[in-house]
Amino acid sequence: MNIPLRELSGKASKSRMMQASTIPLNLTAAVSVRRNEEPSLDRSISSVDKDLQLVRRVAAGDETALRALFAAYGQRLFAYAVRLTRNPSVAEDVLQESLVAAWRGAARFRGQGRVVAWLLGIVHHKALNAIRSRSPVLLEEPEELGDDQVPLDEVMAEHEQAALLRVGLESLSLKHRMVLELVFYQGLDLTEVALVCDCPVGTVKSRLSYAKAHLRHIMEQSGLKAEDLE
Amino acid sequence: MGDHSQYIESLPLFVSGTLDDAQRRALENHLTHCSACRSEVALWRQVAYQVADANRNLDAPSIAVERALAEIRGRRKNIVWRAFELVRAQVPLVRGEMWPSSAAVMAIGVIIATIVKEVTILQMLAPMVAAASVAVIYGPENDPALELTLATATSPWKILLARLTIVFGYNLVLALAASGGMLLFLPANLVASLIVGWFGPMTFLCAAALVLALWVNTGNAIAVTYVAWLAQFLPGQEIATDFRLGGMSLFIAFLNAYRQFWSSPPVLVALAVGLVVIAGWLGGRQGQRLTRAA
């Protein structure tokens, strides 16, 4: 089978995906519907320097610099907070607390990673605190997904693969979902994900591997084969 | 299969676009002949799409940054205001006689220095006046209302720091005013040297007096700091000659080093900061003792 390789790479197909409005069942669509404000991962030196300058200005008490950071990364931070807390109202509080924490901690930021990863780490910490104080049960591991736990009848009526996958993602535990979120929406590499989640890189890899196995299991329950996805 | 296991962990990063160019090219090459990896990539792309789709309509509420800034401003204002209030509340509790006596001694110093045209008098006097003032700012012997003060929610070290700020600040202003008066017959650069000459010793002597007052008592604190300060003005050469001291050169060398110490403002200020930290700790302990006794 000849696969158009540029189609396989998320990076290559981003601009097209930005315009996608429906779920692409043929899987030519992909990744980067993720950020309205950033069409691609911007790791250029000037961008890193600019962010670092903003953090330094925040440390010096410049309010416009905090606003600029919010303009650049607010949407991503809010999205991550919503994914973790599953509650936009709580996520808004988490975002506010995170911005205050970033203001207070800016002087300690030494540019040891990308600014966005640092900010996501703060949101991660604040969101977990919010979850612990409101509904600690969310932090617990879900039980293994049994055959009867997937509402397949409801699912089948919709686009089968996409809907199954949504069910699969929803049934993942918080720690697995957060890794998928950080890799696929936030565009972090494994080291950055490990920093945000405060765990070893090996744990990040094993969470990705678990998430994949879990999703495959759900697909296979409905009779879908891995080959069907291609 | 070796190739396959080598690449399998990179597939999510390939899909998310976070591999570098070399890794991406190698993986693309591998994908042309590995259907298992292609299948994995397809799954990850589905996942990526779903994750992105779920976040599609989430807009960050701009009110969050405004509320965060309001909270930051509130805290900042709070800290400054609370500090100001604390200092203001301690002003009436500082011993009343400190204000006129410090001012009077400094005024006499200015008059004498003006008459004899000798500014060293001011340089010598300013640290001594300040040290004596600081030695009486805290402790039951200097503050009959201390127990009452300690019964409030404010911690003893904050009370101590507030009083130190008031008394040191007052003496600093007095010394600056006195030095400013020297502009009448001295050029500005010499007045600046004069200020540099007393500022370091004043800071260190005040901190030392405070620690000694808390550790021993006020009287001893003043005596020890004065002796320590004035010892540098001893005429070393004459003493060594008159008393036929055996280790004369050693004594003179020590005296020179000692004078050098008092002429090193950065060292003196750094040591003063350390001493103030110790004083805070001593003040805290003393406060605990008093509240327990009460």
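Everything in this summary refers to the structure shown in the same document. (Residues numbered from 1 in each chain as written. Chains lettered and ligands numbered in written order. Predicted model: local features only at pLDDT ≥ 70, side-chain atom pairs only at ≥ 80, totals over all residues. Heavy atoms only, no water.)

### So, the overall build of chain B
Thinking step 1. Counting its regular elements, chain B contains 14 helices and zero strands.
Thinking step 2. For chain B, the N- to C-terminal ordering of α and β elements is α-α-α-α-α-α-α-α-α-α-α-α-α-α.
Thinking step 3. Here chain B holds 294 residues, and 44% of them are scored as buried.
Thinking step 4. Accessible surface computed for chain B: about 14,700 Å², of which carbon and sulfur atoms make up 67%. (Helix = DSSP H or I, 4+ residues; strand = E, 2+ residues; numbered from the N terminus. Buried < 20%, exposed > 50% of the residue type's maximum accessible area, 1.4 Å probe, protein only. Areas by Shrake-Rupley, 256 points an atom, 1.4 Å probe, with all protein chains shown as cover.)

### Regarding the overall build of chain A
Thinking step 1. Scanning chain A from N- to C-terminus turns up eleven helices and zero strands.
Thinking step 2. In chain A, of all internal contacts separated by at least 6 residues, the share reaching a separation of at least 24 is 65%.
Thinking step 3. If you sum the accessible surface of chain A, you get close to 10,800 Å²; carbon and sulfur atoms cover 51% of it. (Contact = heavy atoms within 4.5 Å.)

### So, the nonpolar core
Thinking step 1. With 86 residues, the main nonpolar core has A:Trp118, A:Leu180, A:Phe184 and B:Val47 as its most contacted residues.
Thinking step 2. Residues B:Tyr138, B:Val167, B:Ala209 and B:Leu275 belong to the second largest nonpolar core, which totals 50 residues. (Core = buried A, V, L, I, M, F, W, Y, C linked by side-chain atoms within 4.5 Å.)

### Focus: the packing of helix α7 (residues 120-134) of chain B against helix α10 (residues 188-215) of chain B
All names here are of chain B.
Thinking step 1. At a minimum axis separation of 8 Å, α7 and α10 run at an interaxial angle of 25 degrees. One element, α7, and the other, α10, form an angle in the roughly parallel class. Between α7 and α10 the crossing geometry is right-handed. Contact residues: Leu 122, Gln 123, Ala 126, Pro 127, Met 128, Ala 130, Ala 131 and Val 134 in α7; Leu 194, Gly 197, Trp 198, Pro 201, Met 202, Leu 205, Cys 206, Ala 209 and Leu 210 in α10.
Thinking step 2. When grouped by side-chain class, the residues that make up the contact of α7 with α10 number 15 nonpolar, two polar and no charged. (Axes fitted to C-alpha atoms, helices over the stretch in contact; angles between N-to-C directions. Parallel < 35°, antiparallel > 145°, perpendicular 65-115°, else oblique. Left-handed = near helix turned anticlockwise from the far one by under 90°. Nonpolar A, V, L, I, M, F, W, Y, C, P; charged D, E, K, R; others polar.)

### Remarks on the pattern of salt bridges
Thinking step 1. Tallied over the entire structure, the rule returns 13 salt bridges over all chains.
Thinking step 2. Between A:Arg57 and A:Asp62 there is a salt bridge whose closest N-O contact spans 2.8 Å.
Thinking step 3. On the basis of relative accessibility, which here comes to 22%, the residue A:Asp62 falls in the partly exposed class.
Thinking step 4. Among the ionic contacts, a cluster of salt bridges with common partners joins A:Glu92, A:Asp93 and B:Arg67. (Salt bridge = Lys/Arg side-chain N within 4 Å of Asp/Glu carboxyl O.)

### Topic: the side chain of B:Ser264
Thinking step 1. Assignment of secondary structure puts B:Ser264 in the loop between α13 (248-262) and α14 (265-293).
Thinking step 2. A polar contact is formed between the side chain of B:Ser264 and the backbone oxygen of B:Gln260, at a distance of 2.7 Å. (Polar contact = N/O pair within 3.5 Å; in protein donor to acceptor, adjacent residues only side chain to side chain.)

Distances and angles like these do not, on their own, reveal function.
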